[in-house]
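# A closer look at the structure
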Amino acid sequence: MDEEPLIPSAVERRIARSRIDERRTGALPERTLQAERTVEGYLRGAVMPRYMERLRDIHVQMRRHLDELRELRDHLGPDDFELVLERWDFDETNELIRQHNAWYPIERDLPMDPRTGEYVLIAGRPYQREELSADWARRQLGPYAPGP
């Protein structure tokens, strides 16, 4: 009763190949060997910068606010929607925006204009973000139009 050897599946062969790196590597460049290795450099290279995480969180929360407000607007009359809009809680997102406005130029190491003492514009626009409010939501959502 001889058992036939199992033939590995395509997936098993792929996994086996991925564990072996057969590429030939050349000598490291002299510049790489002389570069100083620091914990800060390692962490900076391995982790998404905080300002990027914060901006992502701000955009996700802004989208969530607008989606929820659109949903409510479709089910409420204009007067009821205005009441909801005036009482809407933007506090968590506004706290992130305040942190962004305070820390972004430092975290991003933005240059400063020596004449004005202000940070330079990014692509011609200021880095500061507007805090969310009922007026912000009205501008984003556009005029009220009753649903079908």
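For the structure given in this document, a descriptive report is provided here.

## A few points about the packing of helix H4 (residues 50–75) against helix H6 (residues 91–107)
Remark: H4 packs on H6, axes separated minimally by 10 Å, with the N-to-C direction vectors making an angle of 155 degrees. By the angle between their axes, H4 is roughly antiparallel relative to H6. Here the hand of the crossing between H4 and H6 comes out left-handed. Across from Arg50, Tyr51, Arg54, Leu55, Asp57, Ile58, Gln61, Met62 and His65 in H4, the residues of H6 making contact are Glu92, Thr93, Leu96, Ile97, Gln99, His100, Trp103, Tyr104 and Glu107. Classifying every residue of the contact of H4 with H6 by side-chain character gives eight nonpolar, five polar and five charged.

## Considerations on the side chain of Arg54
Within the secondary structure, Arg54 sits in helix H4. Its relative accessible area of 2% is what places Arg54 among the buried residues. With sequence-adjacent residues up to four places away left out, Arg54 is seen in contact with Leu96, Gln99, His100, Trp103, Tyr104 and Glu107.

## Some details on the nonpolar core
In this structure, Leu69, Leu85, Phe90, Leu132, Trp136 and Ala137 are the most contacted members of the largest nonpolar core, which totals 15 residues. Broken down by secondary-structure element, the contributors of at least two residues to this core are H4, helix H5 (78–87), H6 and helix H7 (134–141). If sequence neighbours within four positions are ignored, Phe90 has contacts with His65, Leu69, Leu132, Ser133, Ala134, Trp136 and Ala137. Tyr51, Leu55, Tyr104 and Leu110 belong to the second-largest nonpolar core, a separate cluster that totals five residues.

## A few points about the packing of aromatic side chains
With the rule as written, the count across this model stands at four aromatic pairs. For the ring pair Phe90 and Trp136, a centre distance of 6.0 Å and an interplane angle of 85 degrees mean the geometry is edge-to-face. Of this pair, Phe90 sits in the loop between H5 and H6 while Trp136 sits in helix H7, and the two are 46 residues apart along the sequence. Comparing Phe90 with Trp136 shows no difference in burial state: the two are buried. Within the aromatic cluster, the residues linked to one another by ring pairs are Tyr51, Tyr104, Tyr119 and Tyr127.

## Let's talk about the pattern of salt bridges
Side-chain pairs of opposite charge can arise where the charged atoms are in close proximity. Scanning the entire structure with this criterion turns up 12 salt bridges. Notably, a salt bridge pairs Glu86 with Arg138, separated by 2.4 Å at the nearest N-O pair. Taken together, the residues Glu86 in helix H5 and Arg138 in helix H7 connect sequence positions 52 residues apart. Residue Glu86 is classed as exposed on the basis of its relative accessible area, which comes to 52%. Classification of Arg138 as partly exposed rests on a relative accessible area of 26%. When salt bridges that share partners are traced, they join Glu82, Glu86, Asp135 and Arg138 into one network.

Criteria and thresholds
- Residues numbered from 1 in each chain as written.
- Predicted model: local features only at pLDDT ≥ 70, side-chain atom pairs only at ≥ 80, totals over all residues.
- Heavy atoms only, no water.
- Axes fitted to C-alpha atoms, helices over the stretch in contact; angles between N-to-C directions.
- Helix = DSSP H or I, 4+ residues; strand = E, 2+ residues; numbered from the N terminus.
- Parallel < 35°, antiparallel > 145°, perpendicular 65-115°, else oblique.
- Left-handed = near helix turned anticlockwise from the far one by under 90°.
- Contact = heavy atoms within 4.5 Å.
- Nonpolar A, V, L, I, M, F, W, Y, C, P; charged D, E, K, R; others polar.
- Buried < 20%, exposed > 50% of the residue type's maximum accessible area, 1.4 Å probe, protein only.
- Core = buried A, V, L, I, M, F, W, Y, C linked by side-chain atoms within 4.5 Å.
- Phe/Tyr/Trp six-rings, centres within 6.5 Å; stacked < 30°, edge-to-face > 60°.
- Salt bridge = Lys/Arg side-chain N within 4 Å of Asp/Glu carboxyl O.

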